[in-house]
Amino acid sequence: EYVSLENILAGISPQEQPFLILLDEINDPHNLGAILRTADAAGAHGVVIPRRRSAPLTPTVAKSSAGAIEYVPVARVANLPQTIETLKEQGLWIVGADPAGQELYWDAPLEGPVALVIGGEDKGLGRLVKERCDLLVRLPMSGHVNSLNASVAAALLAYEVLRQRRVASNERTSDS
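## So, unusual backbone geometry
Thinking step 1. Positive phi values are uncommon outside glycine, yet Glu 25 reaches one of about 65 degrees.
Thinking step 2. Relative to the helices and strands, Glu 25 resides in the loop between β1 (19–24) and α2 (29–42).
Thinking step 3. One non-glycine residue with positive phi stands out, namely Arg 53, at about 55 degrees.
Thinking step 4. As for its position among the elements, Arg 53 is in the loop between β2 (46–50) and α3 (59–64).

Here it is in structure tokens:
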């Protein structure tokens, strides 16, 4: 079952930095399931998908998620660009994955309140979504293909959020 964005945000402890994954037109249910699995493993508070032009929650998604669908709240929203504006008002930094991104993902500041935005399999981020991102990051591509599978890109970015938060937490602990 879907939840509201408000429910996801309300479920985040005041001691935690919000961490969401927004999906812009992910159509493959296997990708959606894999992203839910990564979201759970990396500690994301929830996943947001658009109501139209996106894979819905189905038995295929559930199977691909290896059970994570039971633990990761998924909000289905009418308008992703509007949702991004709402998240900005809540203090989240919106970071989109895009081949033309300003910086490499591991150089971007991801330890604060953040929403990662992953684009669809065929076209990446939509124009309106891309325009609303605070920062666009790219994955280094050294081979012959120009992009990674959406679920792989989501995993790399989500684990970079986790890594940076652990480093920041360790630095705060050693300063005490």
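Next, the rest of the story.
## Some points on the sheet that holds β1
Thinking step 1. Ordered in space as β3-β2-β1-β6-β4-β7-β5, the seven strands form an open sheet in which the pairing is parallel. Since the sheet does not close on itself, it has two edges, and those belong to β3 (74–77) and β5 (103–104), each with one partner.
Thinking step 2. Pairing between strand β4 (residues 93–97) and strand β6 (residues 114–119): four bridges, direction parallel. Opposite Val 95, over in β6, you have Leu 116 as the bridge partner.
Thinking step 3. Together, β1, β2 and β3 form the strand contacts of α2, whose direction differs from that of β1 by roughly 170 degrees.
Thinking step 4. Packed on one face of the sheet, helix α4 (residues 80–89) meets β1, β2, β3, β4 and β6 and runs near 165 degrees to β1.

## Quick look at the environment of Ser 64
Thinking step 1. By secondary structure assignment, the location of Ser 64 is in helix α3.
Thinking step 2. In this structure Ser 64 comes out as buried when scored by relative accessible area, which is 19%.
Thinking step 3. The spatial distance from the C-alpha of Ser 64 to the C-alpha of His 30 is 5.5 Å, given a sequence separation of 34 residues.
Thinking step 4. Apart from residues no more than four positions distant in its own chain, Ser 64 is found in contact with Pro 29, His 30, Gly 33, Ala 34 and Arg 37.

## Topic: a nonpolar patch on the surface
Thinking step 1. Taken together, the side chains of Met 141, Val 145, Leu 148, Val 152 and Leu 156 make up a nonpolar region of the molecular surface, amounting to roughly 380 Å² of accessible area.
Thinking step 2. Looking at where Val 145 falls in the secondary structure, it is placed in the loop between β7 (135–138) and α6 (150–175).

## Focus on α4
Thinking step 1. Along α4, the residues classified as buried are Leu 80, Pro 81, Thr 83, Ile 84 and Leu 87. Down the axis of α4, the buried side of the element spans an arc of 155 degrees, and every buried residue falls inside it. Away from its buried face, by an angle of more than 90 degrees, α4 presents the exposed residues Gln 82 and Glu 89.
Thinking step 2. Between a side-chain oxygen at the N-terminus of α4 and the backbone nitrogen of Gln 82 the separation is 2.8 Å; the capping residue is Asn 79.
Thinking step 3. Looking one or two places after α4, you find Gly 91, whose phi comes out positive at around 95 degrees.

Calculation rules
Residues numbered from 1 in each chain as written. Predicted model: local features only at pLDDT ≥ 70, side-chain atom pairs only at ≥ 80, totals over all residues. Heavy atoms only, no water. Helix = DSSP H or I, 4+ residues; strand = E, 2+ residues; numbered from the N terminus. Pairing = 2+ DSSP bridges. Contact = heavy atoms within 4.5 Å. Axes fitted to C-alpha atoms, helices over the stretch in contact; angles between N-to-C directions. Buried < 20%, exposed > 50% of the residue type's maximum accessible area, 1.4 Å probe, protein only. Patch = residues over 30% accessible without salt bridge, like charges linked within 9 Å, V, L, I, M, F, W, Y side chains within 5 Å. Areas by Shrake-Rupley, 256 points an atom, 1.4 Å probe, with all protein chains shown as cover. Salt bridge = Lys/Arg side-chain N within 4 Å of Asp/Glu carboxyl O. Arc of directions from axis to C-beta. Polar contact = N/O pair within 3.5 Å; in protein donor to acceptor, adjacent residues only side chain to side chain.

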